[in-house]
Amino acid sequence: RLLGGWNEIAPKLAGALLWVPALLVILELLPTVAARLLLLVAVLMINGIGMIDGMLDMPLALTVAACAAAMQRLLVATDASRTLQVLPPLLLAAMAVTKNEGFVVGVLLLLAFACLAARQRRLRAMRLTLVLSVLAFGFAIAWMLACQARGLASDLGPGALRRFDGVRDVGVRD
């Protein structure tokens, strides 16, 4: 309504709400201006159109990279700020509600992070991040349950795999 009518570009730009923060996190974690410029050029050359085409694969990939980089930085930091401690759970929450793949990769990242923290004997120091990270998946689970309660089909949650069986219902034979 704000645009005065249907516009196909505006909904596609909503993906920027995912990739802009992720890209800013990655850029902030890189040590030099040259590294930042190299990353920007690489992202644009690899799949620049993927940032505005309305698909969520590129924003999810950037969010995964940002989360992994933040976790790595947290593991090597001697005294991590609260901001750095809260950053991975926020990125995990965004990943988990974006796509099924994001949920799965988020769980794997969290498990790897927890194992590395345990190996370094830093579980106590990482307690805030680990607890918030586990809670971050609550957003995706709440969405799954809300969709299921209302009988809505969603890429996330129960019934996602059953929709693949629906292909047989439209006449496709094995």
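Keep in mind the model is a prediction, meaning the values are calculated, not measured.

### Observations concerning the pattern of salt bridges
Item 1. By the definition in use, this model includes two salt bridges.
Item 2. Between Glu-101 and Lys-99 there is a salt bridge, with the nearest N and O atoms lying 4.0 Å from each other.
Item 3. One connected set of salt bridges, linked through shared partners, spans Asp-57, Lys-99 and Glu-101.

### A few points about the packing of aromatic side chains
Item 1. On inspection of all chains with the given rule, the structure shows one aromatic pair.
Item 2. Taking the centre distance of 5.3 Å and the plane angle of 70° together, the rings of Phe-103 and Phe-137 count as edge-to-face. One end of the pair, Phe-103, is in helix α6 (residues 100–119); the other, Phe-137, is in helix α7 (residues 127–149), with 34 residues separating them in the sequence.
Item 3. A residue is classified by how much of its surface remains accessible, and Phe-137, at 6% relative accessible area, is buried.

### Some thoughts on the packing of helix α2 (residues 16–29) against helix α3 (residues 33–47)
Item 1. Where α2 meets α3, the axes come as close as 8 Å, and the angle between the chain directions of the two elements is 145°. For the pair α2 and α3, the contacting residues are Leu-23, Ile-26, Leu-27 and Glu-28 in the first and Arg-36, Leu-39 and Leu-40 in the second.
Item 2. Within the contact of α2 with α3, the residues separate by chemical class into five nonpolar, no polar and two charged.

### A word on α6
Item 1. Here α6 contains 20 residues, and its C-alpha end-to-end distance of 29 Å stays within 8% of the 28 Å for a straight helix at 1.5 Å per residue.
Item 2. The set of residues buried in α6 consists of Gly-102, Gly-106, Leu-109, Leu-110, Phe-113 and Ala-117. Each buried residue of α6 lies within a common arc of 100° when the element is viewed along its axis, so the set occupies one face. Among the exposed residues of α6, those pointing more than 90 degrees away from its buried face are Leu-108, Cys-115 and Arg-119.
Item 3. Where α6 is buried, its residues meet α4 (57–76), α5 (82–98) and α7.
Item 4. Positive phi appears at Arg-121, one or two residues downstream of α6, with a value of about 55°.

### Here's the deal with the nonpolar core
Item 1. In this structure, Leu-62, Cys-67, Leu-92, Met-95, Phe-113 and Met-126 are the most contacted members of the largest nonpolar core, which totals 36 residues.
Item 2. If you list the elements that add at least two residues to this core, you get α2, α4, α5, α6 and α7.
Item 3. When near neighbours in sequence (up to four residues on either side) are disregarded, Leu-92 contacts Cys-67, Met-71, Gly-106, Leu-110, Ser-133, Ala-136 and Phe-137.

### Here's the deal with the side chain of Thr-63
Item 1. Inspection of the secondary structure assignment puts Thr-63 in helix α4.
Item 2. Taking the relative accessible area as the measure of exposure, Thr-63 reaches 4% and is therefore buried.
Item 3. In terms of polar contacts, Thr-63 uses its side chain to reach the backbone carbonyl oxygen of Pro-59, at 2.8 Å.

### Points about the side chain of Thr-129
Item 1. Looking at where Thr-129 falls in the secondary structure, it is placed in helix α7.
Item 2. Residue Thr-129 is classed as buried on the basis of its relative accessible area of 1%.
Item 3. With residues up to four places along the chain from it excluded, the contact list for Thr-129 reads Leu-74, Gln-85, Pro-88, Pro-89 and Phe-113.

### Quick word on a nonpolar patch on the surface
Item 1. Judged by side-chain polarity, Val-104, Val-107, Leu-108 and Leu-111 come together as a nonpolar surface patch covering roughly 340 Å² of accessible area.
Item 2. By secondary structure assignment, the location of Leu-111 is in helix α6.

How each quantity is defined
- Residues numbered from 1 in each chain as written.
- Predicted model: local features only at pLDDT ≥ 70, side-chain atom pairs only at ≥ 80, totals over all residues.
- Heavy atoms only, no water.
- Salt bridge = Lys/Arg side-chain N within 4 Å of Asp/Glu carboxyl O.
- Phe/Tyr/Trp six-rings, centres within 6.5 Å; stacked < 30°, edge-to-face > 60°.
- Helix = DSSP H or I, 4+ residues; strand = E, 2+ residues; numbered from the N terminus.
- Buried < 20%, exposed > 50% of the residue type's maximum accessible area, 1.4 Å probe, protein only.
- Axes fitted to C-alpha atoms, helices over the stretch in contact; angles between N-to-C directions.
- Contact = heavy atoms within 4.5 Å.
- Nonpolar A, V, L, I, M, F, W, Y, C, P; charged D, E, K, R; others polar.
- Expected span 1.5 Å × (residues − 1).
- Arc of directions from axis to C-beta.
- Core = buried A, V, L, I, M, F, W, Y, C linked by side-chain atoms within 4.5 Å.
- Polar contact = N/O pair within 3.5 Å; in protein donor to acceptor, adjacent residues only side chain to side chain.
- Patch = residues over 30% accessible without salt bridge, like charges linked within 9 Å, V, L, I, M, F, W, Y side chains within 5 Å.
- Areas by Shrake-Rupley, 256 points an atom, 1.4 Å probe, with all protein chains shown as cover.

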